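The residues making up each chain are set out below.
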Amino acid sequence: PVNKESAGKKPPSYAEYLASEEKLLQTETMELHRKFWIDRLTPVPDLPAGVGESAGEARRESFVLTPSQAELLHHTAHEWNLSVNALWFGLCCLHRCKRYGETEVVTGIPLLGRSGRWEREIIGTFTNTMPMRLPIDRSVGARAFLEQAAAELNECYRHQKAPYNQVLQRLQAG
């Protein structure tokens, strides 16, 4: 849908967006976002032998929901005052805990990167990956864990503008 406020106005260009992002990278706010991620992801988790050494096959799982399962997911999210995304993320973490015995889930969440009205007006690609590290506390119930996962996800969304590659470079530099 077209924004009524911008009807008839020339939308901002992708070049203007890139220039604004370049300025943002130099700000104290961006440094605080980077620090958030370094603090959140340090110490770097131990990875199984061989991870990152070769182009091995990734462990990917797909879940296809029936319409009734999707309706249940939406209903539960509404009843528990969670977003569908937060509920799904938490359920996937619980699945990994149960199926693989993981006590911590480390993953990347793809983001659209259009965090404001201004970005929604621009044609172009705005993707970023948000790293997530979530310890799984087996002493809490499922609902409490899902609420913790949602809170963690919301906290991380506040820092999503930090470019993943810069965070990764700093982590690797130690």
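Calculation criteria
Residues numbered from 1 in each chain as written. Predicted model: local features only at pLDDT ≥ 70, side-chain atom pairs only at ≥ 80, totals over all residues. Heavy atoms only, no water. Helix = DSSP H or I, 4+ residues; strand = E, 2+ residues; numbered from the N terminus. Buried < 20%, exposed > 50% of the residue type's maximum accessible area, 1.4 Å probe, protein only. Contact = heavy atoms within 4.5 Å. Areas by Shrake-Rupley, 256 points an atom, 1.4 Å probe, with all protein chains shown as cover. Salt bridge = Lys/Arg side-chain N within 4 Å of Asp/Glu carboxyl O. pLDDT = per-residue confidence, 0-100. 1 Å grid on protein atoms, 1.4 Å probe; cavity = no way out; pocket = protein on both sides within 12 Å on 5 of 7 lines; lining within 4 Å. Points joined across faces, edges and corners; volume = space filled by probe spheres on them. Nonpolar A, V, L, I, M, F, W, Y, C, P; charged D, E, K, R; others polar. Axes fitted to C-alpha atoms, helices over the stretch in contact; angles between N-to-C directions. Parallel < 35°, antiparallel > 145°, perpendicular 65-115°, else oblique. Left-handed = near helix turned anticlockwise from the far one by under 90°.

Draft legend 1. Local environment of the overall build of the protein. Summing up its helical and strand segments, the protein has seven helices and two strands in all. When the helices and strands of the protein are placed in sequence order, the string is α-α-α-α-β-α-β-α-α. Here the protein holds 174 residues, and the buried ones make up 29% of them. For the protein, long-range pairs separated by at least 24 residues make up 73% of all intrachain contacts whose partners lie at least 6 apart in sequence. Carbon together with sulfur atoms contributes 55% to the accessible area of the protein, which is approximately 12,100 Å² in total.

Draft legend 2. Expanded view of the environment of F63. Positionally, F63 belongs in the loop between α2 (28–41) and α3 (67–79). Counting along the chain gives 29 residues from F63 to C92, while the straight-line C-alpha distance between them is 9.8 Å. The contact partners of F63, leaving out residues within four places of it in the chain, are W88 and H95.

Draft legend 3. Structural view of the pattern of salt bridges. One pass over the structure, following the stated rule, counts ten salt bridges. A salt bridge links K161 to E21, with the nearest nitrogen and oxygen atoms 2.9 Å apart. You can see K161 sitting in the loop between α6 (142–157) and α7 (164–173) and its partner E21 sitting in helix α1 (residues 14–25), a full 140 residues away along the chain. Judged by its relative accessible area of 16%, E21 is buried. As a salt-bridge pair, E155 and R158 come within 3.1 Å of each other at their nearest N and O atoms. On the basis of relative accessible area, E155 is assigned to the partly exposed category, the value being 25%.

Draft legend 4. Representation of the confidence of the model for the protein in the model. For the protein, the average pLDDT comes to 84, and 87% of its residues sit at 70 or higher. Averaged over each element, pLDDT in the protein is lowest for helix α5 (residues 117–120) (80) and highest for α3 (96). Residue range residues 50–56 is modelled with pLDDT below 50. Its contacts to residues more than four positions away, or to other chains, number zero contacts.

Draft legend 5. Layout of the layout of surface pockets. Put simply, the second largest pocket is a space of about 300 Å³. Around the second largest pocket sit 16 residues that line it, and Y17, E21, T127, N128 and K161 are the ones nearest its centre. Of the residues assigned to the lining of the second largest pocket, the class counts are seven nonpolar, six polar and three charged.

Draft legend 6. Up close: the packing of helix α4 (residues 84–100) against α6. The geometry of α4 relative to α6 is characterised by a closest axis approach of 8 Å and an angle of 120° between their N-to-C directions. Classified by the interaxial angle, the pair formed by α4 and α6 is oblique. Every pair of crossing elements has a handedness; the one defined by α4 and α6 is right-handed. Here N85, A86, L87, F89, G90, L91, C93 and L94 of α4 come into contact with α6, specifically with A142, F145, L146, A149, A150, L153 and Y157. Tallied by class, the residues present in the contact of α4 with α6 amount to 13 nonpolar, two polar and no charged.

Draft legend 7. Layout of the side chain of E119. With respect to the helices, strands and loops of the structure, E119 is situated in helix α5. Excluding anything up to four places from it in sequence, E119 contacts Y17, G113, R114, F126 and K161.

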